[in-house]
Amino acid sequence: MLNEQYKPQEIEKKWQNVWDEGKIYKTENKFDKPKYYALSMFPYPSGRLHMGHVRNYTITDVIARFKRMNGFNVLHPMGWDSFGLPAENAAIKSNTNPSVWTLSNIDYMKDQLKTLGLSYDWDREVATCKPDYYKWTQWLFLEFYKAGLAYKKEAAVNWCPDCATVLANEQVEDGLCWRCSSVVEKKKLSQWFLKITDYADQLLQDLDKLTGWPEKVRLMQKNWIGKSYGTILKFKVAELDGVEIPVFTTRPDTVFGVTYLVVAPEYQIIDQLITDECRDKVNDYIANSKKLSEIDRTSTEREKTGVPMGTHVINPFNGEKVPIWTGDYVLGEYGTGAVMGVPAHDTRDFDFAKKYELSIVEVIRPKEKECAEELKEAYTDSGIMINSGEFSGLDSEIGIDKVSAWAEANNAGNKQVQYRLRDWLISRQRYWGAPIPIIYCNKCGIVQVPDKDLPVLLPEDVDFKVQGKSPILTSKTFMDTTCPICGNAAKRETDTMDTFMCSSWYYLRYIDPKNTEKVFDSELVNKWMNVDQYVGGIEHAILHLLYSRFFVKVLRDRGLVDFDEPFANLLTQGMVLKDGAKMSKSKGNTVDPDEIFKYYGADTARLFILSDSPPERDLDWSDEGVEGCYKYLNRVWRLVRNCEVNIIFNYTEPDPESLTQKNRDLLRETHKTIKKISLDITNEFQFNTAISKCREFVNYIYDYVNNKESYDIEDKTVLSKAILTLIKLMSPIIPHMAEEIWHELGGKESIHTTVWPEYDDSLAISENVPIVVQINGKVRDKFTMPVNSSNEEIEKVAMDSEKVQSYIEGKELVKIIVIPNRLINIVLKG
């Protein structure tokens, strides 16, 4: 017998303990059933879950539970992306090792995840900061190294002097460090890179295979890779013998319109290009450019700036000298580090030329335009080449090839494919990351740490308060070692790896997390992969997802896996907003999940987080909405409790023909509900419409129960089926309440191991349907008819209606149009 009141705090803890002790969500590596790998992007253990976590993990959990009940062997693991600078900063404040802060946060957040009722196989838990995990991250780095895909070079990086580490471009905001607001500097360091550019074409081409990904994400990756076909053109420096500046352009047909050339402030030979008269001004400009992030420098919303350097280049096509400028919108590591300025045919070049009073020469004219006019804006489309020497009069599309061919024939350039994508810089000058397993020997050079010596453990004798360098450099035990080849004294690499290294392969380790002999069992991984459904935020659309795709392709080529892509389907859930804005502590508009669990229970939180919006859309938090969901669950509780005496657990499926009309209607409504919810979840995870249908079904059952003529004490079958079906359909969303009701009604096994209800298509439609009567396009009457009534039967009922006859009287009948099961339209004249 259910308690009189719904008390989620009592029943939720009870069932969490039962599930945990019984390990009902443990996944066996058996393949006698179809497999389904459901995965949420694992969290950074910051200390507390936020509502974005709750939404992400609830979505994936409902999918996993639904698939289990539909006969799949479901893999649904969870772990922790647990390296990173926040833990190190916390360690500095508390003067403790980052592992203490991190592991404490993991413990707390794990309890929160269990409180949310998530069906994880906790035996597969991984934490990237633990040696048994980062041993294999180090091993994978060495696989890249053996394949010639890991290398070290000097590179300009964003450097925060206070954090003493390299920052990604995305971590520089208005020239300041995103963590400490210090001014970011450009600094040249010797860094480790992975050659992701070697896989640029594959990464681009295989986007076509990802039909289960949002088009927006595929487009973002396509643009990030940025493949473009163009031509390298070589401009000789007028003042320097033998020095050329190559530029890449996709519009060589505009080369006769070049009126200036711009090099990046960090261009390799920029010092040689500056005259004495311009040096002070140029040096000031270069210094200021170092304070800007690449994102700021290349923003299309930011006005282009630059300064002349006093030197010139010679256009190889017409021999004209044009000035060389430096501008911070040009990046040293993109393309050649130099661009040609064609103001007549590039919008931003046009604005730049107007601002600095540079020449504008029109060389492409629209086909329909015959006479010259002063340009008021850049013309950027194709047209007819003019003012272009021997190429004048050509269609510019043809001119692209002709100009490129001339350049190749005259040693002035060549065709080239170029990518926006650059190699992945993985070095970090911090402590809390996986050490790079490399040794430097004066005799043998760069040496790999042997597999038998992995993992290279993080030292514990470090000073976290050291300024301006990595804490690892303060260790007296870490750096000094011996060369594994010659046995001489050697030094360890002191950089650690970018945390994206750890998160680019974690989904593979879940499949074989306890393996101590190898990174994973390839046969097992090949059986479980791909991830069937991956769920996470759009903010990971590029870096994490691109790096994970890169990892899989390299591992495939190393013979470790036999598939091309890690994630078959991707759902990028929307944000949880409060008062229309993203939740943040600084805005004071956060909602603490613990408070919701405390007052309303986890099932209420799960129900609300899914009920208001499709998962890919943003969700606006509403206290009233949470209260409404809690009231709804109480309503379901009361419905079952009040009907309990009439529920048969092990009923026999009723014969529809033997039922009264009311019972037959309830049976049909039950099958309609099963079909609607099954399709909503299967097709596009439309949980909000599935929940809406559950609400409608509860209302229908209430109406049925309140109508005492509907059933009698001897006829419990249809009501039993309806109630038990309702609880099963809701069980993936409200697992605790569903489990409690299920067992109170007589269930022996967990409801979550039972079979999802099936529907009969012949019963999943109404027995009677409403027919609308329109006369000359206006609704004049309505009536119900048996489903699939003939056109003649519908026409007869309509024409026999007194209301319809009152409209027809005295008018000429033109035609009658019948739409089966929906509408009859009568057209009159006069």
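What counts and how
Residues numbered from 1 in each chain as written. Predicted model: local features only at pLDDT ≥ 70, side-chain atom pairs only at ≥ 80, totals over all residues. Heavy atoms only, no water. Pairing = 2+ DSSP bridges. Helix = DSSP H or I, 4+ residues; strand = E, 2+ residues; numbered from the N terminus. Axes fitted to C-alpha atoms, helices over the stretch in contact; angles between N-to-C directions. Contact = heavy atoms within 4.5 Å. Patch = residues over 30% accessible without salt bridge, like charges linked within 9 Å, V, L, I, M, F, W, Y side chains within 5 Å. Areas by Shrake-Rupley, 256 points an atom, 1.4 Å probe, with all protein chains shown as cover. Salt bridge = Lys/Arg side-chain N within 4 Å of Asp/Glu carboxyl O. Lys, Arg positive; Asp, Glu negative; His and termini not counted. Charge placed at Lys NZ, Arg CZ, Asp CG, Glu CD. Parallel < 35°, antiparallel > 145°, perpendicular 65-115°, else oblique. Nonpolar A, V, L, I, M, F, W, Y, C, P; charged D, E, K, R; others polar. Buried < 20%, exposed > 50% of the residue type's maximum accessible area, 1.4 Å probe, protein only. Arc of directions from axis to C-beta. Polar contact = N/O pair within 3.5 Å; in protein donor to acceptor, adjacent residues only side chain to side chain. Left-handed = near helix turned anticlockwise from the far one by under 90°. Core = buried A, V, L, I, M, F, W, Y, C linked by side-chain atoms within 4.5 Å. Phe/Tyr/Trp six-rings, centres within 6.5 Å; stacked < 30°, edge-to-face > 60°.

A. Examining the sheet that holds strand S32 (residues 823–829) more closely. The four strands lie next to each other as S30-S29-S32-S31, forming an open sheet whose pairing is mixed. At either end of the open sheet lies a strand with only one pairing partner, and these are strand S30 (778–786) and strand S31 (812–819). Between one strand axis and the next, the sheet turns by 20° as a mean value, whatever way the strands run. Across eight bridges, strand S29 (residues 768–775) lies against S30 in antiparallel orientation. Residue pairing for S30: Asn768 is matched across the bridge by Pro786. On the sheet, helix H23 (residues 791–799) packs against S29, S30, S31 and S32 and is oriented at approximately 125° with respect to S30.

B. Seen up close, a negative patch on the surface. Taken together, Asp579, Asp612, Asp618, Asp620, Asp623 and Glu624 make up a surface patch of like negative charges. Relative to the helices and strands, Asp623 resides in helix H18 (residues 623–643).

C. Molecular detail of the pairing of strand S11 (residues 307–314). In this sheet, S11 lies alongside strand S8 (residues 228–237) in antiparallel orientation, the contact comprising two bridges. For Val237, the partnering residue across the bridge sits in S11 and is Val313. As defined by bridge partners, S11 adjoins strand S12 (residues 321–326) across five bridges and the pair is classed as antiparallel. Its bridge partner lying in S12, His312 is registered against Pro323.

D. Here's a closer look at the packing of H18 against helix H22 (residues 735–744). Two numbers describe how H18 lies on H22: the axes approach to 12 Å, and their chain directions differ by 5°. The pairing of H18 with H22 is recorded here as roughly parallel in orientation. Listed contacts from H22 to Leu633, Val636, Trp637 and Val640 of H18 are Met737, Glu740 and Ile741. A breakdown of the residues in the contact of H18 with H22 according to their chemical character gives six nonpolar, no polar and one charged.

E. Layout of the environment of Gly47. Mapped onto the elements, Gly47 comes out in the loop between strand S1 (35–40) and helix H2 (51–69). Expressed as a C-alpha distance, the spacing of Gly47 and Leu103, which sit 56 residues apart in the sequence, is 9.6 Å. Leaving out residues up to four positions away in the same chain, Gly47 has contacts with Asn105, Tyr108, Met109 and Gln112.

F. Quick look at helix H10 (residues 347–356). Buried residues of H10: Asp349, Phe350, Phe352 and Ala353, and no others. The buried residues of H10 all sit within an arc of 165° when viewed along its axis, so they share a single face. Residue Asp346 occupies the N-cap position of H10, its side-chain oxygen lying 3.1 Å from the main-chain nitrogen of Arg348. At the exit of H10 stands Glu357, carrying a positive phi of roughly 55°.

G. Quick peek at the sheet that holds strand S2 (residues 73–75). As summarised here, the arrangement of the four strands in space is S2-S1-S24-S25, forming an open sheet in which the pairing is parallel. Edge positions in the open sheet fall to S2 and strand S25 (570–573), since each of these has one partner strand only. Pairs of neighbouring strands in the sheet enclose a mean axial angle of 20°, with direction left out of account. The strands touched by H2 are S1, S2, strand S24 (533–537) and S25; relative to S1, the strand with the most contacts, the crossing angle is about 170°.

H. A look at the packing of H18 against helix H20 (residues 687–706). Packing of H18 against H20 brings their axes to within 11 Å, and their N-to-C directions diverge by 35°. In the packing of H18 onto H20, the handedness of the crossing is left-handed. Between H18, through Cys629, Tyr632, Arg635, Val636, Arg638, Leu639 and Cys643, and H20, the contact on the second element is made entirely by Cys694, Arg695, Val698, Asn699, Ile701, Tyr702 and Val705.

I. Seen up close, the pattern of salt bridges. Using the criterion set out here, one finds 42 salt bridges in the structure. The residue Arg430 makes a salt bridge to Glu88 at a minimum N-O spacing of 2.6 Å. Here Arg430 is found in the loop between strand S18 (427–428) and strand S19 (438–441), whereas its partner Glu88 is found in helix H3 (residues 85–94), with 342 residues between them in sequence. With relative accessibility at 0%, the residue Glu88 sits in the buried group. A salt bridge links Asp401 to Lys415; its shortest N-O distance comes to 3.1 Å. Taken as a pair, Asp401 in helix H11 (residues 396–409) and Lys415 in strand S16 (residues 413–418) lie far apart in primary sequence, 14 residues in all. Judged by its relative accessible area of 45%, Lys415 falls in the partly exposed class. Salt bridges here are not isolated pairs; linked through shared partners, they connect Asp206, Lys209, Arg549, Lys553, Arg556, Asp557, Asp564 and Glu565.

J. Representation of the nonpolar core in the model. Phe141, Tyr507, Trp621 and Ile701 are the most contacted members of the largest nonpolar core, which totals 176 residues. Those residues in contact with Phe141, other than ones at most four positions away along the chain, are Ala150, Trp192, Ile426, Ile436, Pro437, Ile438, Met497 and Met501.

K. Quick look at the packing of aromatic side chains. Throughout the structure, instances matching the rule amount to 41 aromatic pairs. Measuring from centroid to centroid gives 4.6 Å for Tyr133 and Trp505, while their planes differ by 20°, and the two rings are stacked. Of this pair, Tyr133 sits in helix H5 (residues 131–146) while Trp505 sits in the loop between helix H12 (499–503) and helix H13 (506–509), placing them 372 residues apart in sequence. The exposure class assigned to Tyr133 is buried, which follows from its relative accessible area of 1%. Between Tyr329 and Phe352, the ring centres sit 5.9 Å apart and the planes meet at 65°, which makes this aromatic pair edge-to-face.

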